[in-house]
Each structure stands twice: as C-alpha cells, then as structure tokens.
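Residues per chain are reported as follows:
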Amino acid sequence: MAPLSEDVDYIQLCVRRPVYLHGYAAPFVFLYAGWIYVWGAIIGFEQFEAGMVGCAAVAMLQVLVALFCLWSVHFRRFCTCNKVSNVKEAKLVKVMPTPNNGYPELVPLLQEKDEHGEIEYSFMFQKTKYVYNMDRKVFHDVEFPVGETLSFYQNWAGVDNGDEASGLQRIQRTYGDNRLDISLPKFAELFLERATAPFFVFQVFCVGLWCLDEYWYYSIFTLMMLVVFEATLVQQQLRNLSMIRDMGAKPYNLTVFRGRKWKLIQSDELVPGDLVSISKVWKLQFPASYKAVS
C-alpha cells in the first residue's frame with residue numbers, strides 16, 4: 001500500500017464498540033466466573049487465601065490489559081474498536097505515520113456539510129487536515145492552489161471575486177485559520193499521562209508489595225514522594241509550554257484585497273487566495289507563503 005502522504009503511511013477506519021465489549025471488560029467476566037467456579041468446585045471455599053490470590057491475579061491481568069490500551073494505539077484499537085471499510089460507518093481513524101514522523105494516533109472522524117449540503121469527511125493529524133475524496137475513495141491532505149500559471153495569479157481578483165461572505169466560509173472550512181496554536185493541556189491530563197507511564201506503574205506496584213511488610217508506613221511515604229515528584233515535573237512542563245507559546249509571533253495588521261476593495265485585517269485571518277499588499281510590512285516576518293504578482 002502506497003503511503004497516504006509524506007507524513008502518513010496508512011490509516012484504518014474504526015467504530016468504537018460498547019464499553020462492555022471492550023477487551024478489558026467482557027473477557028474478564030468469564031475469567032472471574034471461571035475462577036470462582038474452580039475455587040468453589042475444585043479447591044473449596046475453605047481455601048480462602050488461595051481463592052483470593054487467584055482473584056487478585058485476574059484483577060492484575062485486567063488492570064494490565066487496560067494499561068496496555070493506554071500505552072499502545074494498536075492494542076487500544078484491537079481491544080476497543082472494530083475495523084470498517086465504509087467511511088460513512090466510521091467514527092474513528094487510526095493513523096500510522098511514516099518512520100521518524102511521530103507516533104500513531106486514534107483520532108475522531110469529522111463530518112461537516114459543505115456549501116452544497118453534502119457531508120465532507122475529514123480528520124486532523126499533527127495539525128494537518130486530511131479530506132476524503134468520494135470519487136477516488138481515499139483520504140488526502142488539503143491541496144493548496146500553488147500549481148497554477150503566473151498569468152492565473154496576475155489575473156486573480158481576490159477571494160471569490162466579491163462573493164466575500166460565502167467564499168470566506170468555504171475557504172476557512174477547508175483550510176482553517178492561519179495560526180499554529182500550542183494548546184496548553186490541563187494539569188490533570190498531564191499528570192494522568194505520567195501516572196500511567198510504565199515506569200511509574202512499576203514503582204507503584206513495588207510500593208504495593210512493600211506494603212505487605214510490617215514497615216508499610218515507609219512505603220506509603222515513598223508513594224507520596226513519588227506523587228509529589230511527578231506533580232512537580234508536570235508543573236514545570238506546563239511552565240515550559242506556556243513560555244514556548246508566548247514566544248510565538250503575535251498577529252499584526254495587513255492590507256488585503258477582498259470584496260473588490262482593500263481592507264485591513266489581522267495576519268492570523270489570512271486565507272489562501274488573499275491578495276496582500278506588502279509595501280508597508282516588508283520588514284516584518286511574513287505570516288504565510290506568497291507569490292509576488294506585481
């Protein structure tokens with residue numbers, strides 16, 4: 001299979017199963033029931049410790065399967081979703097990037113109506129929009145109008161030749177805004193990500209084993225110190241992200257030709273097809289790629 005783009009190797013259309021059919025739920029109902037039957041019919045309920053050890057082993061296996069769903073996108077897709085071939089049935093997309101271009105993700109499939117009332121299917125991956133082509137039955141990244149002849153750009157009269165309102169809505173829906181936001185996650189989201197990391201889970205498991213010893217209060221103190229340490233790292237990460245976001249270029253005024261007249265807009269409001277006057281901003285860093293037509 002040929003790569004979808006330079007950044008995406010392949011995708012899989014998926015639909016999420018009900019929670020009770022997830023791999024960490026339904027199979028373990030039978031495991032618990034099977035072990036309770038073995039405990040009562042073969043071992044005997046009088047062997048309380050042996051029965052509880054078996055229940056604890058099944059519970060640990062269930063927790064481990066749930067954690068693997070967080071650690072591996074492939075395992076999460078296998079345990080929680082079914083693959084589908086029809087884009088109209090899909091709700092999620094598993095995206096596999098090409099080597100050295102990030103990590104696989106399970107992203108939602110977006111549905112929007114275009115100006116003709118038809119549903120357009122798309123998904124976002126690494127700040128890039130991929131749109132479904134109904135004729136070719138494939139997803140592709142958004143194509144920008146950069147391959148036309150020079151005479152085409154010299155004769156261009158702005159966004160939709162005066163039909164500014166509908167033209168802007170259509171272009172903004174297709175290409176999005178002219179900004180790259182660094183989203184600042186919440187503290188709870190980052191802490192949960194670190195708290196479910198394999199090494200931290202191993203540390204908590206060791207603390208649980210140490211609690212079986214008579215000096216259990218030392219283990220509880222160690223666990224509290226681990227939580228405080230992870231919370232400190234999360235707080236530092238949030239400060240770094242906030243600093244990086246503040247270092248971004250601030251939007252500034254630009255003069256563009258829209259609706260058959262020149263008007264002043266912010267640089268983050270630019271859309272593909274805008275005619276921009278750069279005579280007064282040539283010393284600034286340009287907020288987009290341009291083709292000089294005069």
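Structure shown above.
What counts, and at which threshold
- Residues numbered from 1 in each chain as written.
- Predicted model: local features only at pLDDT ≥ 70, side-chain atom pairs only at ≥ 80, totals over all residues.
- Heavy atoms only, no water.
- Helix = DSSP H or I, 4+ residues; strand = E, 2+ residues; numbered from the N terminus.
- Rg over C-alpha atoms; globule rule 2.2 N^0.38 Å.
- Buried < 20%, exposed > 50% of the residue type's maximum accessible area, 1.4 Å probe, protein only.
- Areas by Shrake-Rupley, 256 points an atom, 1.4 Å probe, with all protein chains shown as cover.
- Lys, Arg positive; Asp, Glu negative; His and termini not counted.
- Charge placed at Lys NZ, Arg CZ, Asp CG, Glu CD.
- Axes fitted to C-alpha atoms, helices over the stretch in contact; angles between N-to-C directions.
- Parallel < 35°, antiparallel > 145°, perpendicular 65-115°, else oblique.
- Left-handed = near helix turned anticlockwise from the far one by under 90°.
- Contact = heavy atoms within 4.5 Å.
- Pairing = 2+ DSSP bridges.
- Phe/Tyr/Trp six-rings, centres within 6.5 Å; stacked < 30°, edge-to-face > 60°.
- Salt bridge = Lys/Arg side-chain N within 4 Å of Asp/Glu carboxyl O.
- Core = buried A, V, L, I, M, F, W, Y, C linked by side-chain atoms within 4.5 Å.

**Student:** Honestly, the overall build of the protein chain in this entry has me stumped. Any pointers?
**Tutor:** Secondary structure summary: the protein chain contains eight helices and eleven strands in total. Since a compact globule built from 294 residues should have a radius of gyration of about 19 Å, the 27 Å found for the protein chain marks it as more spread out than a globular shape. Out of the 294 residues belonging to the protein chain, those deemed buried represent 28%. Carbon and sulfur atoms form 61% of the exposed surface of the protein chain, whose accessible area is close to 19,900 Å². Positive and negative charge centroids in the protein chain, built from 28 and 30 side chains respectively, lie 6 Å apart.

**Student:** Looking at this model, I keep getting lost on the packing of helix H6 (residues 187-195) against helix H8 (residues 216-246). Mind explaining?
**Tutor:** In a packed pair of helices, the relevant descriptors are the angle between the two axes and the axis-to-axis distance. Close contact between H6 and H8 brings their axes to 10 Å; oriented N to C, the two are set at 130°. Overall, the two elements H6 and H8 adopt an arrangement that is oblique. Here the hand of the crossing between H6 and H8 comes out right-handed. Contacts between H6 and H8 pair Phe187, Leu190, Phe191 and Arg194 from the former with Val227, Glu230, Ala231, Leu233, Val234, Gln235, Gln237 and Leu238 from the latter.

**Student:** Can you walk me through the sheet that holds strand E5 (residues 110-113) in this structure?
**Tutor:** Pairing between sheet strands relies on hydrogen bonds along the backbone, with the strands arranged either parallel or antiparallel. Read across the open sheet, the four strands follow the order E5-E6-E7-E8; overall the sheet is antiparallel. Each edge of the open sheet carries a strand with a single partner, namely E5 and strand E8 (138-141). Mean inter-strand twist for the sheet, computed between neighbouring axes without regard to direction, equals 35°. Examined bridge by bridge, strand E7 (residues 128-133) and E8 share four bridges and lie antiparallel to one another. When the sheet's bridge partners are listed, tyrosine 130 is paired in E8 with aspartate 141.

**Student:** Help me understand the packing of aromatic side chains, please; the structure alone is not making it clear to me.
**Tutor:** The description of two aromatic rings rests on the distance between their centres and on the angle between their planes. On inspection of all chains with the given rule, the structure shows twelve aromatic pairs. Both rings, one in phenylalanine 68 and one in tryptophan 71, keep their centres 5.2 Å apart while their planes meet at 70°; by these two values the pair is edge-to-face. Here the residue phenylalanine 68 and the residue tryptophan 71 both occupy positions in helix H2 (residues 48-71), the gap between them amounting to three residues, near one helical turn. Phenylalanine 68 sits in the partly exposed class, given a relative accessible area of 37%. Given the relative accessible area of 31%, tryptophan 71 is considered partly exposed. By the ring-pair criterion, three or more aromatic residues cluster together here, those being Phe123, Tyr130, Tyr132 and Phe139.

**Student:** Just checking my understanding: could you explain the pattern of salt bridges for this structure?
**Tutor:** Pairs can form between side chains of opposite charge once their charged atoms are near each other. Considering all chains together, one arrives at four salt bridges under this definition. Here arginine 194 and glutamate 230 are joined by a salt bridge, their closest N and O atoms 2.8 Å apart. Highlighted residues: arginine 194 in helix H6 and glutamate 230 in helix H8, separated in sequence by 36 residues. For arginine 194, a relative accessible area of 29% puts it in the partly exposed group. Where aspartate 274 meets arginine 258, a salt bridge forms, and the shortest distance between an N and an O atom there is 2.7 Å. Here the residue aspartate 274 occupies a position in the loop between strand E10 (261-266) and strand E11 (275-277), and arginine 258 occupies one in strand E9 (residues 253-258), the gap between them amounting to 16 residues. The buried category is assigned to aspartate 274, whose relative accessible area is 13%. The class of arginine 258 is buried, set by a relative accessible area of 4%. Among the charged side chains, a salt-bridge network with shared partners connects Glu112, Glu120 and Lys129.

**Student:** Please explain the sheet that holds E9 as it appears in this structure.
**Tutor:** Ordered in space as E10-E9-E11, the three strands form an open sheet in which the pairing is antiparallel. Strand pairing shows two members of the sheet lacking a second neighbour, E10 and E11, which therefore form its edges. Averaged over all pairs of adjacent strands, the angle between their axes in this sheet comes to 40°, without regard to strand direction. In the sheet, E9 pairs with E10 via six bridges, with the strands oriented antiparallel. Residue pairing across strands places valine 256 opposite lysine 263, the latter belonging to E10.

**Student:** Mind showing me how you'd approach unusual backbone geometry here?
**Tutor:** Most peptide bonds take the trans form, and the phi angle of most residues other than glycine is negative. Positive phi, close to 55°, is recorded for glutamine 126, a residue that is not glycine. With respect to the element layout, glutamine 126 can be found in the loop between strand E6 (119-125) and E7. Take glutamine 126: its relative accessible area is 36%, and that puts it in the partly exposed class.

**Student:** Mind showing me how you'd approach the nonpolar core here?
**Tutor:** Nonpolar side chains tend toward joint burial in soluble globular proteins. Formed by 15 residues in total, the largest nonpolar core has its most connected members in Leu13, Val87, Val93, Val95, Leu109, Phe123 and Phe139. The set of elements that each furnish at least two residues to this core consists of strand E1 (8-16), strand E3 (92-97), E6 and E7. In terms of residue count, E6 provides more of this core than any other element does, three residues in total. Beyond its immediate stretch of four places on either side in the chain, phenylalanine 139 contacts Leu4, Ile11, Leu13, Val87, Leu109, Tyr121, Ser122, Phe123, Tyr130, Val131 and Tyr132. One finds Tyr252, Leu254, Val256 and Leu270 within the second-largest nonpolar core, a separate group that totals six residues.

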